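Read off the chains here:
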Amino acid sequence: MESGNKTLLCQDPHGHYHNSIWNSGNPLQSPSSLFFMQVSLITIATQFFDFCLRPLGQSSLVSYILGGVLFGPSILGHNKVLAHSLFPMRGALVLETIATFCLMFFYFICCMKMDPATMLKTEKQAITIGLSVFLFTLAIPTGLAFLLRQYVSMDKSLSEALPFIATSQSLTVFVSIVVLLTELKILNTDIGRLAMSASMFVDVISFPMTVLMFAIVQTVNIGGLVVPEGPPIGTTLQTKLETICEAFLYPIYLAVNGLQTDIFKVDIQSMWIVGLVIIVAFLVKIGAVMLPGYYFNVPMKDCCVIGLLLNGRGIAEITIYNTLKGSKQLSEQEFTLMMVSIVVVNAIITPLIKFLHDPSEQYHTGRRSSIQHTKRDSELRVMVCVYENENIPTILNILEASYASSESTVAVIALVLVELLGRARPILISHQPQDIVRSNSFNYSTQIDNALRQYAQVNEGYATVQSFTSISDFNTIHDDVCRIALDRRANILIIPFHKRWEIDGSVEVTNRGIQTMNLKVLERAPCSVAILIDRGVLSSSPSLLLARSMYYVAVFFIGGADDAEALAYGSRMARHECVSVSVVRFLLFGEENSKDRKRDSDLVDEYRYYNAGNRRFEIMDEVVKDGIEMSSRITKLRDYFDLVMVGREHPQSVLLHGHDQWSECPELGVIGDMLASQDLVTKASVLVVQQQRIGGRLVKHTMNPLPNQRDQMVHDVSFDEMSRASCTISVDKYERI
């Protein structure tokens, strides 16, 4: 039976009896078997397209829709026999019902992660961009649509649908933009945050129009918004439901819509008319971003990227077109055209954004920012990232050992890492002494703030403290870490290890996302980086900050820039009256005349000279024949120190042969991985140091062999305090970016 643009199939609800396969029956006569077969085919097709297209920079939305198009009337479904066998009309009702359920579930999860209050607290820049985008893309494409209706011949259905198609281009739905930003992994960048804020404001001002066009989804949105975002309810629901929602329900809905796409019902005239409206809207949206962007001094390249992001289409737009199709505002031809436009637009903008915008570019400043290349009397800027409060005592010991004095002050920048669960929008909070955070959900850093305040009081006048909290997904949280390190001009960045030692000596993984973050930070950081393997819970040593007891530090020196950075940090620690530093230099027997040995010897001798007379600084040479003997020496020294520092990477050496084959954690390097092994029974914490990379390469330095030029030693390279990068962190009254 035909009804409008749909074919309805009447079935007897009591007539579903079928023989099983054991009785020579067709298993596909069963609604359940047919549904599972269809879902299996769709899943295989979508994953195949995703596997093929992801290396080309395509988003998953394109792959999922194409997976449905493959079995629809546009390709395989055009064969009537194949279509009747795989996707018969009697199974369409079940498939569409499940797809609608998937949509409702997806919207519930997305809206549950939204905080309605943040919609009303958008910064001025985002408000201006959002307003410009909405007004221009509403006025110009809609005006063009009415002009085309008046002066261009077209069929009646397209003439009636064209204003709706043009008006829908003004929508920039927050849900679609967040999905796109998440796939591009730029949620935490300045551009990503601005695009999110602008799209959120567009959602607010376009809500009345959305309600009229999108009445069905309205109740779903409200249902999700009444669930409090964040912990405990929002976090728990997201943990339980997000995987099945994103990995199963979301692809099924997109594929079912692709299944309903029939390109054979599209005529050329309609295609170019709709294409013209969409192209104009696409360009207008980019231009609408550039106008206020020019006023706010946003680079035109960034404006172009934001315009491309706001042109992103997603599940929300597809649902709007489904709603219009169900209300007969769109025929199958217009629906197909809109589905094709969504695929084409996303297929264009995703690789284009990746080409135009590299988030790591802003961190490649070309400016030296390490301990070795900082003057002895200049301020040391140490940034620490805290994931668990158990790491605070060890971090405080390291900060105190860094020696804040009137000659060389210490600036501490602390960043508390909180995994983004139950929220859609990452948040960066700046904690100031006079600020009062109004919501308990943001009170993550009370302990670290109290500890740092105590550190600042003990070193009053010599140390300053700033603290932040980043609530973000660990796949993108490295952007917050690197941005703050760049903006605050950190010399060294201390990040946590992803494993935790228990008091009984057992080891457990705290969060694999920490390891992912560490690898990305090591690759992009604008300063030196140190990974802290904290075994403080096993040690009975009193606090260096309060008890002022001796703190024993070892620097294992094999050679290379990373070991040089660890040596420079150890040399600074030795200036503290309660810190004893032992530099253990491992020398390979028979390589006395090598160039690397001579260069390292000059460096070590220079630190030996400038610590002459300091009994708390000593250098020991250990001559070994191979890596096995070196491991044996390290094992013997394991219980004599509270902290062991070692470089992450070393020049090729016989001492490292064989050890790299057993390396478990690449972010620690060979020796660091050995010291972090559970098989090495020790109470010493480990700091694995990587010196700043510039452009992916080590910073080169010039040796100065003249011992009488104290102010021009190897680690005393001029530091241009006025050379600031163009990365800024703007925080509003309630500490949000």
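In case you missed it, the structure is sitting above this.
Notes on the structure follow. Since we're looking at a predicted model, the values are computed, not measured.

### Comments concerning helix α13 (residues 268–295)
Every α-helical turn comprises 3.6 residues, leaving residues that sit three or four positions apart pointing alike. Taking 1.5 Å per residue, 28 residues should reach 40 Å; α13 reaches 41 Å between its end C-alpha atoms and fits that length. For α13, the capping residue at the N-terminal end is D267, with a side-chain oxygen 3.2 Å from the backbone nitrogen of Q269. Among the residues trailing α13, N297 stands out with phi positive, at a value near 60 degrees.

### Observations concerning the sheet that holds strand β10 (residues 528–533)
Taken in spatial order, the 11 strands make up an open sheet running β5-β6-β4-β3-β7-β10-β15-β14-β11-β12-β13, and their pairing is mixed. Each end of this open sheet is capped by a strand with a single partner; those strands are β5 (427–431) and β13 (617–624). Neighbour-to-neighbour, the strand axes of this sheet turn through a mean angle of 20 degrees, independent of strand direction. Bridge count between strand β14 (residues 643–647) and strand β15 (residues 685–690): 5 bridges; the pairing is parallel. The residue bridging V644 from the neighbouring strand is V686, located in β15. Contacting β3 (380–386), β4 (410–419), β7 (492–496), β10, β11 (551–557), β12 (579–588), β14 and β15, helix α17 (residues 392–401) crosses the sheet at an angle of about 175 degrees to β3. Each of β3, β4, β5, β6 (463–472) and β7 touches helix α19 (residues 477–487); the most contacted strand, β4, lies at about 170 degrees to it.

### Here we look at the nonpolar core
Counting 92 residues, the largest nonpolar core has I65, L162, L254 and L309 as the members making the most contacts within it. Top element by residues in this core is helix α4 (residues 92–112). It accounts for 10 residues. Every residue in contact with L162, bar those within four places of it in the chain, is listed here: A145, L148, R149, M154, I273, V274 and V277.

### Concerning the packing of helix α7 (residues 156–168) against helix α16 (residues 332–356)
Two elements in contact, α7 and α16, have axes separated by 10 Å at closest approach and are oriented at 40 degrees. Crossing of α7 against α16: the hand is right-handed. In this structure, α7 contributes S157, L158, A161 and I165 to the contact, and α16 contributes Q333, E334 and M338. Split into classes, the residues belonging to the contact of α7 with α16 amount to 4 nonpolar, 2 polar and 1 charged.

### Structural notes on the side chain of H650
Inspection of the secondary structure puts H650 in the loop between β14 and α24 (669–675). Within the structure, H650 has its side chain in polar contact with the side chain of D563 (distance 3.1 Å). Discounting chain neighbours no more than four positions away, the residues touching H650 are I558, G559, D563, L656 and I671.

### Regarding the packing of aromatic side chains
With the rule as written, the count across this model stands at 9 aromatic pairs. Between Y64 and Y250, the ring centres sit 5.9 Å apart and the planes meet at 85 degrees, which makes this aromatic pair edge-to-face. Of this pair, Y64 sits in helix α2 (residues 60–71) while Y250 sits in helix α12 (residues 233–259), and the two are 186 residues apart along the sequence. Comparing Y64 with Y250 shows no difference in burial state: the two are buried. With a centroid separation of 5.6 Å and an interplanar angle of 65 degrees, the aromatic rings of Y387 and F474 are classed as edge-to-face. Residue Y387 is found in the loop between β3 and α17, and its partner F474 is found in the loop between β6 and α19; the two are separated by 87 residues along the sequence. The positively charged end of K325 is found above the aromatic ring belonging to F335, 4.4 Å away from the centroid.

### A closer look at the environment of V256
Tracing the backbone shows V256 in helix α12. Exposure remark for V256: the relative accessible area of 4% places this residue in the buried category. On a C-alpha basis, the gap between V256 and G72 in space is 8.9 Å, while along the polypeptide they are 184 residues apart. Setting aside chain neighbours within four positions, we find V256 in contact with L95 and A99.

### Structural notes on a nonpolar patch on the surface
On the surface, a nonpolar cluster with roughly 660 Å² of combined accessible area is contributed by I263, F264, V340, V344, I348, L352 and F355. You can see I263 is positioned in the loop between α12 and α13. For I263, a relative accessible area of 43% translates into the label partly exposed.

### Topic: α4
For α4, spanning 21 residues, the distance from its first C-alpha to its last is 30 Å, which sits close to the expected 30 Å at 1.5 Å a residue. Where α4 is concerned, the buried positions are L95, A99, C102, L103, F106, Y107, I109, C110, C111 and M112.

### Digging into the pattern of salt bridges
Summed over the entire model, instances satisfying the criterion amount to 19 salt bridges. A salt bridge links R483 to D480; its shortest N-O distance comes to 3.3 Å. One end of the pair, R483, and the other, D480, are both in helix α19, 3 residues apart, so they sit about a helical turn from each other. The partner of R633 in a salt bridge is E622, with the nearest N and O atoms 2.3 Å apart.

### A word on the pairing of β3
Extensive coverage of β3 is indicated by the burial of 7 of its 7 residues. Side chains of β3 alternate between two faces, with L380, V382, V384 and V386 and R381, M383 and C385 buried alike. Across 7 bridges, β3 lies against β4 in parallel orientation. Pairing of L380 across the sheet is with V410, part of β4. Following the chain from β3 across α17 to the adjacent parallel β4, one finds a crossover that is right-handed.

### Quick word on the pairing of β12
Taken across its 10 residues, β12 has 10 buried, putting it largely inside the fold. Here β12 shows no split at all, with V579, V581, V583, R585 and L587 on one side and S580, S582, V584, F586 and L588 on the other all buried. Bridge count between β11 and β12: 7 bridges; the pairing is parallel. The residue of β12 that forms the bridge with F557 is R585. Direction of pairing for β12 relative to β13: parallel, over a ladder of 8 bridges. Counted as the bridge partner of V581 is F617 from β13.

### Considering the packing of α17 against helix α18 (residues 446–458)
Between α17 and α18, whose axes approach to 11 Å, the crossing angle comes to 25 degrees. As far as their axial angle goes, α18 and α17 are roughly parallel. Crossing of α17 against α18: the hand is right-handed. Residue-level contacts link I392, L396, L399 and E400 of α17 to Q447, I448, A451, L452 and Y455 of α18.

### A word on unusual backbone geometry
Backbone geometry places N297, a non-glycine residue, at a positive phi of 60 degrees. On the accessibility criterion, N297 (67% relative accessible area) is exposed. Phi is positive for Y403, close to 65 degrees, though the residue is something other than glycine. By the element assignment, Y403 lies in the loop between α17 and β4. Judged by relative accessible area, which is 21%, Y403 ranks as partly exposed.

Thresholds applied
- Residues numbered from 1 in each chain as written.
- Predicted model: local features only at pLDDT ≥ 70, side-chain atom pairs only at ≥ 80, totals over all residues.
- Heavy atoms only, no water.
- Helix = DSSP H or I, 4+ residues; strand = E, 2+ residues; numbered from the N terminus.
- Expected span 1.5 Å × (residues − 1).
- Polar contact = N/O pair within 3.5 Å; in protein donor to acceptor, adjacent residues only side chain to side chain.
- Pairing = 2+ DSSP bridges.
- Axes fitted to C-alpha atoms, helices over the stretch in contact; angles between N-to-C directions.
- Contact = heavy atoms within 4.5 Å.
- Core = buried A, V, L, I, M, F, W, Y, C linked by side-chain atoms within 4.5 Å.
- Buried < 20%, exposed > 50% of the residue type's maximum accessible area, 1.4 Å probe, protein only.
- Left-handed = near helix turned anticlockwise from the far one by under 90°.
- Nonpolar A, V, L, I, M, F, W, Y, C, P; charged D, E, K, R; others polar.
- Phe/Tyr/Trp six-rings, centres within 6.5 Å; stacked < 30°, edge-to-face > 60°.
- Lys NZ or Arg CZ within 6 Å of the ring centre and 35° of its normal.
- Patch = residues over 30% accessible without salt bridge, like charges linked within 9 Å, V, L, I, M, F, W, Y side chains within 5 Å.
- Areas by Shrake-Rupley, 256 points an atom, 1.4 Å probe, with all protein chains shown as cover.
- Salt bridge = Lys/Arg side-chain N within 4 Å of Asp/Glu carboxyl O.
- Right-handed = clockwise from strand over helix to strand, strands pointing away.
- Parallel < 35°, antiparallel > 145°, perpendicular 65-115°, else oblique.

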